[in-house]
Amino acid sequence: MKKFLLSSFLITSVLTNLNFAQTAKPNQAAAKDTAAAAQSKPQDDVKVPFVTKTLPNGLEVIVLPDASVPLVTVEMAVRNGSFTEPPELNGLSHLYEHMFFKSNQALAIFRCDLAKSYNNFNYYMGQNCAEQVKLKAQIGDVSYLNEVDKLGYVRNGTTQEEYVNYYFSTTSPNTATILRTMRDAMLYPSFEREEFEREIQVVLGELDRQQAEPGYYLDRTLMDKLFYKYPSRKSPGGTRETVSSATTEKMRLIQSRYYVPNNSALIVTGDVQPEKVFKLAEDLFGIWKKGEDPFVKFPIVEHPPLTKSEGVIVNQDVENVIMQIGWHGPSIGKDDASTYAADVFSYIVQQPDSRFQRAMIDSGLAVQANVHYYTQRNVGPIRVTLVTAPDKAKAALDTLYKEMAQFNNPNYFTDEELANAKTLLEAEDLYRREKLSEYTHSLGFWWSSTGMDYYRGYYKNLRAVSRDDIKKYVSGYIQAKPHVGVALISAPAQAAAKLTEQDLIGK
Amino acid sequence: MKKVRSQKSEVRKFIILTFVILSFVFGINAQTSVSPDKSITEFDVNGLKVIVKRRPSSPTVSAGLFTRGGVKNQTAKNAGIETLALATATEASVKYPREVLRKEFARTGSAISGGAGYDFGVISLTSTRQNFDKTWEIFTDIILNPAFTPQDFALARERLLTGLRNQSVSPDSSLGVLQDKVIYANHPYSNDPNGTIESVGNLKIEDLRLYHKNLLQTSRLLLVIVGDLDPQTVQKQITASFGRLPRGDYKEQPVPRINFAQPTLDVTSRTIPTNYVKGIFAAPSLADPDYYAMRVAMTILQSRVYNEVRTKRNLSYAPSAEMENNAANTANIYVTANDANQSINLMLKEIGSMKSDLIEDDGFTGVPGYFLTTYYINQETNSAQVAELARYELIGGGWRNSLSFLDKIREVTAKDVRTVSQKYMKNIRFVVVGDPAAVSREIFLQN
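Only a predicted model underlies this, so the values are computations on that prediction, with no experimental measurement involved.

Novice: How would you summarise the confidence of the model for chain B if you had to cite specific residues and measurements?
Specialist: In low-pLDDT segments, the atomic positions of the prediction should not be examined closely. Mean pLDDT over chain B stands at 91; residues scoring 70 or higher make up 92%. Confidence estimates for the predicted assembly give a pTM of 0.90 and an ipTM of 0.89.

Novice: Can you explain helix H14 (residues 414-424) of chain B? Please cite residues and give values.
Specialist: Note: α-helices contain 3.6 residues per turn, so residues at a spacing of three or four share the same orientation. Residue and element names in this part refer to chain B. Taken together, the buried positions of H14 are Val417, Val420, Ser421 and Tyr424. Buried positions in H14, seen along its axis, are confined to an arc of 105 degrees and lie on one side of it. Residues of H14 that are exposed and angled more than 90 degrees away from the buried face: Lys415 and Gln422. On its buried side, H14 packs onto strand S9 (275-282), helix H9 (291-312), strand S11 (330-337) and helix H10 (340-356).

Novice: Report on the interface of chain A and chain B, specifying residues and quantitative values.
Specialist: The interface is formed by 74 residues belonging to chain A together with 75 residues belonging to chain B. The biggest single contributor to the side of chain A that touches chain B is helix H10 (residues 193-211) of chain A, with nine residues. For the side of chain A that touches chain B, the class distribution of residues is 28 nonpolar, 31 polar and 15 charged.

Novice: Describe the nonpolar core, and please don't skip the residues or the numbers.
Specialist: As a rule of thumb, nonpolar side chains are buried together in soluble globular proteins. Formed by 250 residues in total, the largest nonpolar core has its most connected members in Phe345 and Ala487 of chain A together with Leu223, Val224, Met294 and Ala297 of chain B. Counting residues per element, this core draws most heavily on H9 of chain B, which supplies eleven residues. One finds Ala108, Ile109, Phe110 and Ile139 of chain A within the second-largest nonpolar core, a separate group that totals nine residues.

Novice: Describe the sheet that holds strand S9 (residues 368-373) of chain A, listing the residues and the values that go with them.
Specialist: Residues and elements named next belong to chain A. If you walk across this open sheet you meet the five strands as S7-S11-S8-S10-S9, and the pairing is mixed. Where the open sheet ends on each side, the last strands, each with one partner, are strand S7 (310-315) and S9. Neighbour-to-neighbour, the strand axes of this sheet turn through a mean angle of 15 degrees, independent of strand direction. Two strands pair when backbone bridges link them, and strand S8 (residues 321-328) and strand S11 (residues 484-489) are joined in this way by five bridges, in the antiparallel orientation. In the sheet register, Met323 faces S11, and the bridge partner there is Ala487.

Rules used in this analysis
- Residues numbered from 1 in each chain as written.
- Chains lettered and ligands numbered in written order.
- Predicted model: local features only at pLDDT ≥ 70, side-chain atom pairs only at ≥ 80, totals over all residues.
- pLDDT = per-residue confidence, 0-100.
- Buried ≥ 20, exposed ≤ 12 C-beta atoms within 10 Å, placed from the backbone.
- Helix = DSSP H or I, 4+ residues; strand = E, 2+ residues; numbered from the N terminus.
- Arc of directions from axis to C-beta.
- Contact = placed C-beta atoms within 7 Å.
- Nonpolar A, V, L, I, M, F, W, Y, C, P; charged D, E, K, R; others polar.
- Core = buried A, V, L, I, M, F, W, Y, C linked by C-beta atoms within 7 Å.
- Pairing = 2+ DSSP bridges.
- Axes fitted to C-alpha atoms, helices over the stretch in contact; angles between N-to-C directions.

Shown next, in the form of structure tokens:
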């Protein structure tokens, strides 16, 4: 635990919500793939100077050049994650992500070549190298693997509801080699059974860690209640059962459905020249065959709306109380206007001098109070979060519901606060962009959940958000809408505070 | 590999601007020197050491006014006072009430915040280049004339207390609490920078005022600024703002080493799905010549424990080996595992191997490149550069040492790695949160 919190030096404190403010249009990439093929498209909005190009196979290449430091970050983003997972596949996008950096065919060829050069015939025969090396015609020369370990890269991957990503950061002279490394991991995974069985245990260890955190139970309860018919679609980690029983065949299934160029994006940021990156991308990824649009054959589910409000108390061994009220929010592609309004509204009520913060924080009722919308292609949740001491929980909830009843009062926020919210969102992006190796993932997140056209127009559309837009958002998604209220509190504190499930839904 | 990104609450200090007129200054002793790479300038304003790094075309500016001493400045009774004083100070100044400050920061997207750690504290500023001048005025007024109103104090204290109440809830943070209690016993670091519920609960606003007043001596302050700023212009601004502060005669006292005379094992029993384990050992500080060899050694150890515990034997999702950056420094091995004994046994064997054998050439493959990459990753933001320059200046023998980091890493030999492994990776003190029955004293205390 780091004790030294240089809070403004950890820019995250200034940037938090943007990462969750994104969404996706189902067929956006597919619709424009051929039309936009081989045409470099300059960014309209000068604020985020990325350029894109869609290859003939549908792979979208996104480049954000910035030579502030001699680094490059290369990311592959895939529209995969729990939103594609029925219960029997829940958690397997995540398991696939773990397998990404394991063995692949290029590595197998490399090992066979090495075995041959050292006359290690046992290995050569045991690994069926005669067959492996035949793949050279397709994969190409793999001698670059001699160099990869010397590059000194940092790599990782993440899995979320609507987005899976893989990335390398290294110094910019290594751009071509790291792109090749990414290509071979993406196109030629081996899914070796022994490695796979071992990695299942590692993922189970990761689930153990998640389930050791009290906050996990708050989050899962809220999501499971909000998305009651298809909870697996909002649970990227999945379950121990599905992970334990996973097979390499299921990995191949995921690969064939989702790991196609027209469902993926290559994002390159840093000390690079876009035209050179586009050329490298064409040379390396041009052979990747376009597949079926996975969202045509396997459409995303329709989450049914809540029919009534429900309160749930989750007892864990905690000292404070954390309460979250959740609603179904807007979806990209269905109500984009409300997604912009949602972000602006969240930034109005988070301003410390806003009426909301004064009522909840300056009053001493809570130490944290915020409204957050998580932009998603398939129903982004809206959450109001309160953190306080247990003895203040009831009073804080009472005030919260009174405040929420006023959200559409014309005097609830000032014109200045409306303008400031937009400035804060823009400033946040500026600070975030400074950490380009991480901002790369924001671009991937935007691409996956919203498509880049949405992001191109994002700040322009934020600027256009009016009071009427916010009123429509609040009326359409929050006020008088069924919702779920969850409290994370210890059993003794709950009893002492007399906190009830009815309190959590404002009854 | 981690998955779902965590949602962090946003805590932002909004502050206000009014007019600050400090147009004349006297008694200024300003000497300027420029670093070999010409981008860094150092000067002195009436005893206040200032480091300015110019990053042409950077759209943002970061600055930090650092206070020397850290927890050495506090006692068990008033632990947490610097954290609370700096946090409260950033809420408002006498001239600029918090409502106005909050609006100004919402209008500009700037932020100011305060906090304290083991070795130093800081009030930090982040702004766009365009809004820097106004933000600077606010920053200086907050530092020189904080309001310390009862309401600001109450809110900042409640935030701190809420965090303290929560500090053992997560298994990882619970492990940290146990670690601090065991490792820092009878050491100045035992007075936690955030204090305790009792010590913070007993602090009065007058205590904060007095503490803050004593901080404002140029001999105990350091100012670091990074952005596209002209150093001469900045020097004038600093002179106008801080030129009249008293010098004082603060002398930094060395912090004693942490006790690693013998291996220990402490367990907090908790029913959770896995066991959280950390083994802590001594490490050289940033100012120590051994620092660079130890950084290389820990990087190699990290690679080895990951390979042995996770890749080969799938015992854990999260095995690691890391090194801290405190003046009284430590390093550690860490793992979460059901089979804690086997995991730790493997890790200790790797440590044993590093102490007995020279790292072969292929063990160094990628090390220079890795440090080069991570060095630049750590240089991406202005705020990270401020923190790096300050850390070297305050506890690393001077900011110029930061410029030779990569050269010193490249000079590290296999023999150096073995030497520091033998010197530091011993008498490991383990802390565990989880099932006591899963922990064998024989295995854990074998080192």
